[in-house]
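# Observations on chain architecture
One letter stands for each residue in the lines below.
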There are 2 protein chains.
Amino acid sequence: MEDKRLGRHILAEFYNCDSEILKDTEAIEKYMVEAAVRAKATVVKSVFHTFSPYGVSGVVVIQESHLSIHTWPEYGYAAIDLFTCGEEVDPWIAFEYLKEKLKAEKWEIMEVDRGIVEKIYKYSNKKYDNIVYKQKIL
Amino acid sequence: MEDKRLGRHILAEFYNCDSEILKDTEAIEKYMVEAAVRAKATVVKSVFHTFSPYGVSGVVVIQESHLSIHTWPEYGYAAIDLFTCGEEVDPWIAFEYLKEKLKAEKWEIMEVDRGIVEKIYKYSNKKYDNIVYKQKIL
């Protein structure tokens, strides 16, 4: 069966999170990696950075795209992106896990299809047999 | 002057790119870092990964959030995210530069505000004086 899109991308706005957690780079990295694992993604690499006076930025590169976070502890706010490919990985599991771990009291979400197959066909000047997301082997 | 939002996030779908470029991890990393520099972002770290048989995933963590790319050379397609904070950095410069370097013939874009100040106020149980994006010092 052909896929409709290569990837799913959840953009999440987390409000009223626990500010102490949003400052804690080690905890944030642990949660982001664990979120990837729970979503059944394969972690390739993670990069996290602490800002002064506070704030964390980090990305978990997964075989199926990436998860990223940027935190503003001073406003209790975090911007999270969960971009996954293939049907095996479920970004919503990562979303639920992170919402709980960061103790977000309010949130807003948007899900965006990435690499819509119909558009790849439409805009291409080549012919493709069957567009599917293939689990890439490292 | 108070900001309206902490960050701007461009989601770009690039179609009909040059497949050879989309396979070339070294070139892609160079272009992504250069895109960040041209947009006047401060590069913190970059992580790039080559997949087998081909395909590149990479993220440039910048002081003002991140730029990411995932390529499907077999379909001439790349998914690009340009997430920047503050008024000093212009993600559209990065967009134009990458469009040219990857030789994208078609593209679709969406710009999403992240960390909308009004919502941080609305959803918070705390009082904030003045919400602004502060250039963070490393």
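Residues numbered from 1 in each chain as written. Chains lettered and ligands numbered in written order. Predicted model: local features only at pLDDT ≥ 70, side-chain atom pairs only at ≥ 80, totals over all residues. Heavy atoms only, no water.

## Digging into the packing of aromatic side chains
All names here are of chain A. Applying the stated rule across the entire model yields twelve aromatic pairs over all chains. Where W72 meets Y77, the ring centres are 5.6 Å apart and the plane angle is 40 degrees; that geometry is what we call tilted. With a relative accessible area of 0%, Y77 lands in the buried category. A cation over a ring is seen here: K99 above W107, with NZ or CZ 4.1 Å from the ring centre. (Phe/Tyr/Trp six-rings, centres within 6.5 Å; stacked < 30°, edge-to-face > 60°. Buried < 20%, exposed > 50% of the residue type's maximum accessible area, 1.4 Å probe, protein only. Lys NZ or Arg CZ within 6 Å of the ring centre and 35° of its normal.)

## Describing the relation of the copies chain B and chain A
One copy of the chain maps onto the second through a rotation about an axis and a displacement along it. Of the two same-sequence chains, chain B is brought onto chain A (RMSD 0.0 Å, axial shift 0.0 Å) by a rotation of 180 degrees. What we have between these two chains is a two-fold relation. (Least-squares fit on C-alpha atoms with pLDDT ≥ 70 in both.)

## Some words on the interface of chain B and chain A
Between chain B and chain A, the contact holds 59 residues from the first and 59 residues from the second. Around 4800 Å² of area is buried between chain B and chain A when both sides are counted, 60% of it from carbon and sulfur atoms. Across the chain B-chain A interface, the total number found is six salt bridges. Here A:E13 makes a salt bridge to B:R114, at a shortest N to O gap of 2.5 Å. For the pair chain B and chain A, the interface holds 22 residue pairs in polar contact (both at pLDDT 80 or more). Going through the elements one at a time, β1 (5-15), β2 (43-50), β3 (56-62), β4 (65-72), β5 (77-85), β6 (106-116) and α4 (117-123) of chain B are the ones with two or more residues in the side of chain B that touches chain A. In terms of residues, the side of chain B that touches chain A owes the most to one element, β6(B), which gives eight residues. Looking at the side of chain B that touches chain A residue by residue, the classes come out as 30 nonpolar, 17 polar and twelve charged. (Contact = heavy atoms within 4.5 Å. Buried area = accessible area lost by both parts, 1.4 Å probe. Salt bridge = Lys/Arg side-chain N within 4 Å of Asp/Glu carboxyl O. Polar contact = N/O pair within 3.5 Å; in protein donor to acceptor, adjacent residues only side chain to side chain. Helix = DSSP H or I, 4+ residues; strand = E, 2+ residues; numbered from the N terminus. Nonpolar A, V, L, I, M, F, W, Y, C, P; charged D, E, K, R; others polar.)

Interpretation note: all reported values are geometric properties and have no functional meaning in isolation.
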